[in-house]
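Each chain, letter by letter, is given below.
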There are 2 protein chains.
Amino acid sequence: MHFLITGGAGFIGSNMTDALLKKGHKVTVYDGFITGHRQYLEEAAKSPDFTLVEGMIEEEDKLDAAMKGVDFVFHFAANADVRRGLEHPLKDLEQNTNNTARVLEAMRRNDVKRIGFSSTGSVYGEAEVIPTPEDAPFPVQTSLYAASKLAGEGLIEAYCEGYDFQGYIFRFVSILGERYPHGHVYDFYKKLKADPTSLYILGDGHQKKSYLYVGDCINAILTVINNCNEKVNIYNLGTDEYCEVNDSVGWITKRMGVDPTLSYSGGNKGWIGDNPFIYLDTKKIRSLGWKPEYTIEEAVIKTVDYISENEWLIEE
Amino acid sequence: MHFLITGGAGFIGSNMTDALLKKGHKVTVYDGFITGHRQYLEEAAKSPDFTLVEGMIEEEDKLDAAMKGVDFVFHFAANADVRRGLEHPLKDLEQNTNNTARVLEAMRRNDVKRIGFSSTGSVYGEAEVIPTPEDAPFPVQTSLYAASKLAGEGLIEAYCEGYDFQGYIFRFVSILGERYPHGHVYDFYKKLKADPTSLYILGDGHQKKSYLYVGDCINAILTVINNCNEKVNIYNLGTDEYCEVNDSVGWITKRMGVDPTLSYSGGNKGWIGDNPFIYLDTKKIRSLGWKPEYTIEEAVIKTVDYISENEWLIEE
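Below is a summary of the structure that appears in this document. (Residues numbered from 1 in each chain as written. Chains lettered and ligands numbered in written order. Predicted model: local features only at pLDDT ≥ 70, side-chain atom pairs only at ≥ 80, totals over all residues. Heavy atoms only, no water.)

Here we take up the packing of aromatic side chains. Note on aromatic pairs: each is described by the distance of the centres and the angle between the planes. In this structure the tally under the stated criterion is 24 aromatic pairs over all chains. Seen in terms of ring centroids, B:Phe72 and B:Tyr168 are 5.8 Å apart; in terms of plane orientation they differ by 35°. Their pairing is tilted. Placement of the pair is B:Phe72 in strand 4 (residues 72–75) and B:Tyr168 in strand 6 (residues 166–172), with a sequence separation of 96 residues. Accessibility assignment for this pair places B:Phe72 and B:Tyr168 in one class, buried. Aromatic side chains B:Tyr159 and B:Phe165 sit 5.5 Å apart centroid to centroid with 70° between the ring planes, which places their arrangement in the edge-to-face category. With a relative accessible area of 0%, B:Tyr159 lands in the buried category. Taken together, the ring pairs in this structure connect A:Phe3, A:Phe72, A:Phe74, A:Phe76 and A:Tyr168 into an aromatic cluster. Across from the ring centre of A:Tyr163, 4.3 Å away, lies the NZ or CZ of A:Arg108, which sits over that ring. The ring centre of B:Tyr235 lies 4.6 Å from the NZ or CZ of B:Lys284, which sits over that ring. (Phe/Tyr/Trp six-rings, centres within 6.5 Å; stacked < 30°, edge-to-face > 60°. Helix = DSSP H or I, 4+ residues; strand = E, 2+ residues; numbered from the N terminus. Buried < 20%, exposed > 50% of the residue type's maximum accessible area, 1.4 Å probe, protein only. Lys NZ or Arg CZ within 6 Å of the ring centre and 35° of its normal.)

This part is about helix 9 (residues 296–309) of chain B. Residue and element names in this part refer to chain B. For helix 9, built from 14 residues, the straight-helix expectation of 20 Å at 1.5 Å per residue is met to within 8% by its first-to-last C-alpha distance of 20 Å. Of all the positions in helix 9, only Ile296, Ala299, Val300, Thr303, Val304, Tyr306 and Ile307 are classed as buried. Taken end-on, helix 9 shows its buried residues confined to a sector of 165°, consistent with a single buried face. Structurally, helix 9 contributes buried residues whose contacts are with strand 7 (174–176), helix 5 (184–194), strand 9 (208–209), strand 10 (211–213), strand 12 (243–244) and helix 7 (245–256). (Expected span 1.5 Å × (residues − 1). Arc of directions from axis to C-beta. Contact = heavy atoms within 4.5 Å.)

Listed below in structure tokens is the structure:
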């Protein structure tokens, strides 16, 4: 199969690129390198089955050209900076919703009908049911990021109904692991490198979080697209465990060999729109035989190790 | 209170305008007259509390000027042509989602924090639970129109969380009554005027539909904004009854005094993305003491009478 991956130079996109090449598929990465990294594609670039197209989703002609002969699109390109959504309220809408529409239109023009989409567990808002299943009660959105991803889901679903597309929608918990580019492990690592003696934590440290290792995430996605053939296939991706921010801080500091004094901003939210607890019911993906190979603790440690081997990431 | 109503020259907007003026409020109608009608505002224009601003949502400066001193925005401007969504797939996104973002930004710039939004019962897709309550299982979208309205809901909810807005989201069944500008009663009336001897019906005639009279709809909205003070207030608006397309055809032909031969395209959907049955659970709005004054049959007859007294509507 020939896959096109938007955001293929990003965290999840580049891991997917490597996985697909390893399985013998052709991969075209389409990336504007706004947040993607060329370093992430160094391995992929050695493969004859790999093509890199440097382009923005808004460049219709370029995207159309890249779509030729493609069988399946992973649309991973997105603004993933959940936290700063309120500083630029139209950015999520433009980059996550409108760009999803642009990708769908490019697919329609080029008769490509299968799409995989990186959505988020935060579309469940402050979920009433925890762990939260895919068919949880109709949620109320609490962040512009989640609202923009929910809108992307809706567009894909409408294209499945109206234009005979096949959609694969993945609602992730936070993902950790190699090429992890931002988020709490990144932030804490960077702060502790600058000052190993103290660490200031947003919230009270008891915010519960669930994480998934990126390799497990990629395996889960491939399990779904290989085994599921509904018109619209929606899957939560996460683990059966969760941790508190304090647990994660403990694993990070231990691995880094530092012992900072901890201080807290207080409150049960790290920031406005932060979900106090995203913990997904993963029975549906597990029913396909998939299960994660790594625990949250192992995923955190792998992430710390990756950043410490790639400190250029925190020097930007 | 000073209300601004986008789409105030439209079906629901102009009825709301008249209702608010009657209650002694100030009303600014903001309308681009793409689908709105000046005739709908003839009564309103006689009031000293009424202001008309002719403008598009995209005209930022004009919208900003109109927002000055406003307490509450009803955002009713939308592309409501559900059926032809597939012919212009970006129109719903642009006019219903992106324009909702533009209205929210204009409100934010002008410190207006309360918004009422016309969403749709079709956001429930092919609902698993019927009658469908507001907290139905997380739906899958089946039309670009519904997807664009769901995206609008999500944006409003995120503004409520992030910018301390207060949102009132109304998920309507189809609305009938005075100034009804399109939909099945309009279509059938127009066809029967042209040829009273035969009527071609999309679907098999057994599609179940629920309707609400526009006066009851306006009362319901005002009941909610006067009585509910949650950050996000979401209400289904509909009646406890439903009918089949065939019932409605019977009421229309009887009122028009015609006896056409009926023929059917067949199938349980009128068009791709048509919901076979939208029937909303209205316990939540009824718990506020509201109930509809008119039955579906009465609403259909009022609509036929209105069109027959305003045949300029079908001459366009």
